[in-house]
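# Commentary on secondary and tertiary structure
The lines below spell out each chain.
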Amino acid sequence: MAVALGSRSALRLRLLLSQLKPGIRVSRAGPAAAFGLWTCPQQGPQRWSSKGDGDLPRHCREPWQCRPFSTAVTSAKVAVNGVHLHYQRTGEGEHAVLLLPGMLGSGETDFGPQLKNLSKKLFTVVAWDPRGYGHSRPPDRDFPVDFFERDARDAIDLMKALQFKKVSLLGWSDGGITALIAAAKYPSYVRKMVIWGANAYVTDEDVRIYQGIRDVSKWSEKARKPLEALYGYDYFAKTCEQWVDGIQQFKRLPDGNICRHLLPLVQCPTLIVHGEKDPLVPRFHADFLHEHVKGSRLHLMPEGKHNLHLRFANEFNKLVEDFLQ
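Nothing here was measured: the structure is a model prediction, and the numbers come from that model. (Residues numbered from 1 in each chain as written. Predicted model: local features only at pLDDT ≥ 70, side-chain atom pairs only at ≥ 80, totals over all residues. Heavy atoms only, no water.)

## Some points on the nonpolar core
- One finds Leu98, Met159, Leu169, Met193, Trp243 and Cys259 to be the most contacted residues of the largest nonpolar core, which totals 66 residues.
- Core analysis: the next-biggest nonpolar cluster, separate from the first, contains 21 residues, Val194, Leu308, Phe323 and Leu324 among them. (Core = buried A, V, L, I, M, F, W, Y, C linked by side-chain atoms within 4.5 Å. Buried < 20%, exposed > 50% of the residue type's maximum accessible area, 1.4 Å probe, protein only.)

The following block contains the structure:
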C-alpha cells in the first residue's frame, strides 16, 4: 500500500538523505532521490532507494522512522567493576561480537581489519581494552594470579553494561585465554567463540619463548612501534616485563595450569584457528584445546604466524563470518 508524506515529512526525509551522502543538495521543491543502507526499526539494516516525495521504501510500515545505516567506528568508556573500560564499537547487526586483544593490546592496535571489514549488517562489533591496557587507564596494569579471570569478568560485565543479551567472543593470544574462561564461567551468555594463539597451560618451552620477548628494545620496529606510540616507551617496557613475570607464575602451578580445568565446561560452538608458523604458541597448544573443548573445530593456516588475523585478514574475516552465522 502506497503511503503519502506531507511537505514537512518530505523535507525531513530529504535532510536525512543529505546526511547519508555528502554533496547531495536539499532543494526546496522537486523530487529527491538516494540509494544506500538504512536501518529499519522493524527489519534492521536494509538497502533501498527513494525517488520522489511520494516514493518510500516498501520494506516496513513506518519508513519515516528509518535512519542512515552507520559504518563508523565509535569509542567510549563505561564504568565496570570499579574501573572505566574503553571500547570501540561498529555495526548494527543483531549478533554482538566482542574482540579480545592480546598481551599489551587494545582494540585499535590489535583489530583494525576486523573493526573495518567484519559485516556491519550481520554484527555489532565491540573491541575492548582490558584494564591497564590501551585507553582503559588508570589503573596501571598488574598481573595477580587471577588476572585472566578478572579480565573475563570485566569483559562479560562490559557487554552486559552495553545491554547485549548474548555475545560471541573472538579472542587472540591472551584474549583467547580470557575468552575460554569467560565461555566456561558464563555459558548461558556466550553464543559462539573463535580463538587463536591461545594456550591453557605453560610449559618450559613457553617460558623460554616468553623470556625471548621480555626486552622490548629487541623487538622488531614493526611490532614495537604501535605499542610504543600508545603507551610511551617506559610504560610499554615495564608492563611487558611484568607480563612475562605474570604469565610465568602459572608454570609453578600443577601442570602449568592456566585454565585447562575449565575447558570441559565450555558449551558454545568453538573454532580454534592456528597458524602453523606461529613462533610464540606451539602447535601442541591448539591440539590440546581442540581435544578438550567438546565439539570444537580446528582450522590450520599453513602460512599463518601469531598475527594471522592481520596478515591474512580477508581469509580470517571470511572464516569468522561463516562460522558465526
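Additional details are given in the paragraphs that follow.
## Comments concerning the packing of aromatic side chains
- With the rule as written, the count across this model stands at 10 aromatic pairs.
- On the numbers, 5.9 Å between centres and 35° between planes, the contact of Phe148 with Phe250 is tilted. Placement of the pair is Phe148 in helix H4 (residues 147–161) and Phe250 in the loop between helix H8 (233–248) and strand E10 (270–275), with a sequence separation of 102 residues.
- On the basis of an interplanar angle of 75° and a centroid distance of 4.9 Å, the ring pair of Tyr201 and Phe288 is categorised as edge-to-face. With Tyr201 in the loop between strand E9 (190–196) and helix H6 (204–212) and Phe288 in helix H9 (residues 283–292), the pair connects residues that are 87 residues apart, well separated along the chain. (Phe/Tyr/Trp six-rings, centres within 6.5 Å; stacked < 30°, edge-to-face > 60°. Helix = DSSP H or I, 4+ residues; strand = E, 2+ residues; numbered from the N terminus.)

## Description of the side chain of Gln88
- Tracing the backbone through its elements, the reader meets Gln88 in strand E5 (residues 83–90).
- A polar atom in the side chain of Gln88 sits 3.1 Å from the backbone nitrogen of Glu108.
- Discounting chain neighbours no more than four positions away, the residues touching Gln88 are Val73, Thr74, Ser75, Gly107, Glu108, Leu115, Val125, Val126 and Ala127. (Polar contact = N/O pair within 3.5 Å; in protein donor to acceptor, adjacent residues only side chain to side chain. Contact = heavy atoms within 4.5 Å.)

## Describing the confidence of the model for the protein chain
- Per-chain confidence: the protein chain averages 86 in pLDDT, with 78% of residues scoring 70 or above.
- pLDDT under 50 marks residues 1–38. Its contacts with residues more than four places away, or in other chains, come to 66 contacts.
- A low-confidence stretch, residues 47–57 stays under pLDDT 50, and its non-local contacts, those more than four residues away or across chains, total 34 contacts. (pLDDT = per-residue confidence, 0-100.)

## Concerning the pattern of salt bridges
- Inspection of every chain in the model, using the stated rule, returns 11 salt bridges.
- A salt bridge links Asp142 to Arg150; the nearest nitrogen and oxygen atoms lie 2.8 Å apart.
- Exposure remark for Arg150: the relative accessible area of 10% places this residue in the buried category.
- In this structure, Arg224 engages Glu228 in a salt bridge whose closest nitrogen and oxygen atoms are separated by 3.3 Å. Placement of the pair is Arg224 and Glu228 together in helix H7 (residues 221–231), with a separation of four residues, close to one helical turn.
- We classify Glu228 as partly exposed; its relative accessible area is 29%. (Salt bridge = Lys/Arg side-chain N within 4 Å of Asp/Glu carboxyl O.)

## Here we look at the sheet that holds strand E4 (residues 74–80)
- Taken in spatial order, the eight strands line up as E4-E5-E7-E6-E8-E9-E10-E11 in an open sheet, and their pairing is mixed. A strand with exactly one partner marks an edge of an open sheet, and here the two such strands are E4 and strand E11 (297–301). For this sheet, the mean angle separating the axes of adjacent strands, direction not counted, is 20°.
- In this sheet, strand E7 (residues 123–129) lies alongside E5 in antiparallel orientation, the contact comprising five bridges. Residue pairing across strands places Thr90 opposite Val125, the latter belonging to E7.
- Helix H11 (residues 313–324) contacts strand E6 (95–100), E7, strand E8 (167–172), E9, E10 and E11 of the sheet and is inclined by roughly 155° relative to E9. (Pairing = 2+ DSSP bridges. Axes fitted to C-alpha atoms, helices over the stretch in contact; angles between N-to-C directions.)

## Concerning the pairing of E6
- Buried residues dominate E6, accounting for six of its six residues.
- Of the strand pairs in this sheet, E6 and E7 are connected by five bridges, and their pairing is parallel. By the bridge assignment for E7, Leu98 is matched with Val126.

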